[in-house]
Amino acid sequence: MSPSVGVVIPTRGDRPALLRQAVDAVLLQDYAGELRVVVVADGRSPHDVTGVPRPVRVLPNTRAPGLPGARNTGIAACDTDLIAFCDDDDVWLPGKLAAQVRALEETGGEFASCAIEVEHGGRHIARLAGTSSVGVADLVRSRMVMVHSSTFLFPRGLFWPDESAPAGQNEDWDLALRAAKRRPIVHVDRPLVLVRWGRSHYAVRWADRIAGLEWMLARHPELAVDPRGAARVRGQLAFCHAALGRRRAAVRWALRALASRPWEPRAPLALAVAAGLVTAPTVLSALQQRGHGI
């Protein structure tokens with residue numbers, strides 16, 4: 001028999017049309033096993049959340065405020081074999097769940113992801129990993145954007161997002177790294193989730209992003225060891241400081257990024273923003289149009 005799956009969808013209740021699309025796409029999955037959906041209202045009453053069809057449960061976040069706490073509230077409310085995540089502005093594409101469950105069963109894996117299709121400004125770009133297995137080294141060298149929270153599938157009780165993540169930043173990257181340290185992530189390299197960029201609550205919260213990156217460096221020291229991974233994180237820190245107008249910090253982190261990897265592209269972008277040659281939102285929008293982030 002196919003394992004039962006509990007799908008946790010956190011929401012702030014501020015985009016009901018998108019939430020309804022996310023829920024409907026989950027419920028329309030052609031999956032042989034039992035499927036249960038739990039919507040977790042973060043920061044507001046479940047009675048204020050609209051766009052959720054019956055009989056989907058809507059629960060209040062009873063743990064730490066923010067995305068990790070909302071996810072954990074949903075996990076705790078499920079008694080299914082497996083847990084899956086979906087953000088309230090993303091859409092599962094047909095066949096997503098069946099393909100991942102099959103991949104876990106065939107490989108004996110513990111944690112699954114899949115490729116994504118990025119939507120931004122009317123454009124759709126597939127982001128593939130080029131592999132069926134994602135390890136720690138992969139996630140250290142690159143954030144592996146296709147290993148996205150809306151693609152996560154794992155046995156209930158085996159993994160919990162860390163609620164100490166500053167403002168919820170990088171809780172999904174941390175979770176994926178912890179999973180990969182136990183066993184390589186089973187990756188279905190087909191775009192089976194539509195990820196809408198440009199609507200995120202997190203992308204331009206520069207101070208939160210800085211805190212989240214520093215949190216990751218403290219939790220996963222290997223991020224500062226691999227030259228490519230270190231340059232990427234330091235380049236991101238440089239860009240975030242530049243976006244906040246902190247020129248000295250931006251220059252300092254940009255130089256550290258270039259010392260780790262002389263061709264790290266985020267460093268000159270950060271320096272351009274720090275010098276006032278271009279704005280951070282302009283750079284971010286241009287990158288997202290190509291299916292990339294900073």
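The rules behind each value
- Residues numbered from 1 in each chain as written.
- Predicted model: local features only at pLDDT ≥ 70, side-chain atom pairs only at ≥ 80, totals over all residues.
- Heavy atoms only, no water.
- Buried < 20%, exposed > 50% of the residue type's maximum accessible area, 1.4 Å probe, protein only.
- Helix = DSSP H or I, 4+ residues; strand = E, 2+ residues; numbered from the N terminus.
- Contact = heavy atoms within 4.5 Å.
- Patch = residues over 30% accessible without salt bridge, like charges linked within 9 Å, V, L, I, M, F, W, Y side chains within 5 Å.
- Areas by Shrake-Rupley, 256 points an atom, 1.4 Å probe, with all protein chains shown as cover.
- Salt bridge = Lys/Arg side-chain N within 4 Å of Asp/Glu carboxyl O.
- Pairing = 2+ DSSP bridges.
- Core = buried A, V, L, I, M, F, W, Y, C linked by side-chain atoms within 4.5 Å.
- Phe/Tyr/Trp six-rings, centres within 6.5 Å; stacked < 30°, edge-to-face > 60°.
- Lys NZ or Arg CZ within 6 Å of the ring centre and 35° of its normal.

A. Region of interest: helix 9 (residues 266–274). Residues of helix 9 that are buried include every one of Arg266, Ala267, Ala270, Ala272, Val273 and Ala274, and no others. Next to the buried residues of helix 9 lie helix 7 (227–243), helix 8 (247–260) and helix 10 (280–289). Residue Gly276 follows helix 9 closely and has a positive phi angle near 80°.

B. Spatial organisation of a nonpolar patch on the surface. Residues Val251, Leu255 and Leu271 make up a contiguous nonpolar surface patch of roughly 230 Å² in combined accessible area. Structurally, Leu255 is set in helix 8. Judged by relative accessible area, Leu255 falls into the exposed class, the value being 53%.

C. Broad picture of the pairing of strand 10 (residues 185–196). Here strand 10 lies mainly inside the structure; nine of its 12 residues are buried. Here strand 5 (residues 91–92) runs beside strand 10; their pairing, made up of two bridges, is antiparallel. Bridging from a neighbouring strand, Trp92 pairs with Val193 of strand 10. Here strand 6 (residues 112–120) runs beside strand 10; their pairing, made up of eight bridges, is parallel. For Glu119, the partnering residue across the bridge sits in strand 10 and is Arg196.

D. View of the side chain of Arg261. Here Arg261 is to be found in the loop between helix 8 and helix 9. Since its relative accessible area comes to 17%, Arg261 is described here as buried. Once residues within four sequence positions are removed from consideration, Arg261 is found in contact with Pro227, Arg228 and Ala231.

E. Structural view of the pattern of salt bridges. Applying the stated criterion across every chain yields a total of 19 salt bridges. As a salt-bridge pair, Asp88 and Arg15 come within 2.8 Å of each other at their nearest N and O atoms. Within this pair, whereas Asp88 is found in the loop between strand 4 (82–85) and strand 5, its partner Arg15 is found in the loop between strand 1 (5–11) and helix 1 (16–27), the two being separated by 73 residues in sequence. Considered together, Asp88 and Arg15 belong to a single accessibility category, that of buried residues. Between Arg178 and Asp174 there is a salt bridge, with its nearest N and O atoms 3.0 Å apart. Of this pair, Arg178 and Asp174 both sit in helix 5 (residues 171–182), separated by four residues, roughly a single helical turn. We classify Arg178 as partly exposed; its relative accessible area is 23%. On the basis of relative accessible area, Asp174 is assigned to the buried category, the value being 0%. Within the structure, one salt-bridge network assembled from shared partners comprises Asp162, Asp174, Arg178 and Arg219.

F. Seen up close, the nonpolar core. Residues Val7, Ile9, Trp92, Leu139 and Leu153 are the most contacted members of the largest nonpolar core, which totals 88 residues. No other element matches the seven residues that strand 10 contributes to this core. Apart from the residues within four sequence positions on either side, Ile9 is in contact with Leu19, Val23, Val26, Val37, Val38, Val39, Val40, Cys86, Asp87 and Asp88.

G. A look at the packing of aromatic side chains. Going through the model one piece at a time under the given rule, you end up with seven aromatic pairs. Ring plane angle 45° and centroid distance 6.4 Å describe the contact between Phe85 and Phe152, whose orientation is recorded as tilted. Residue Phe85 is located in strand 4, and its partner Phe152 is located in the loop between helix 4 (136–141) and strand 9 (153–155); the two are separated by 67 residues in the primary sequence. Taking relative accessible area as the criterion, Phe85 reaches 1% and is therefore assigned buried. By relative accessible area, which is 1% here, Phe152 ends up buried. Each member of the aromatic cluster is reached from another via a ring pair, and the members are Phe85, Phe111, Phe152, Phe154 and Phe159. Of note, Arg71 hangs over the ring of Phe85, and the distance from its end group to the ring centre comes to 4.8 Å. Above the face of the Trp92 ring, Lys96 is positioned so that its terminal group lies 3.8 Å from the ring centre.

H. Quick peek at unusual backbone geometry. At Met144, a residue that is not glycine, the phi angle is positive and equals roughly 55°. Looking at the secondary structure, you find Met144 in the loop between helix 4 and strand 9. Non-glycine residue Ala167 carries a positive phi angle of around 55°. Looking at where Ala167 falls in the secondary structure, it is placed in the loop between strand 9 and helix 5.

I. Seen up close, the environment of Gly33. Relative to the assigned elements, Gly33 resides in the loop between helix 1 and strand 2 (35–41). Placed 65 residues apart in sequence, Gly33 and Ala98 show a C-alpha to C-alpha distance of 9.1 Å. Setting aside residues up to four positions removed in sequence, Gly33 forms contacts with Ser2 and Pro3.

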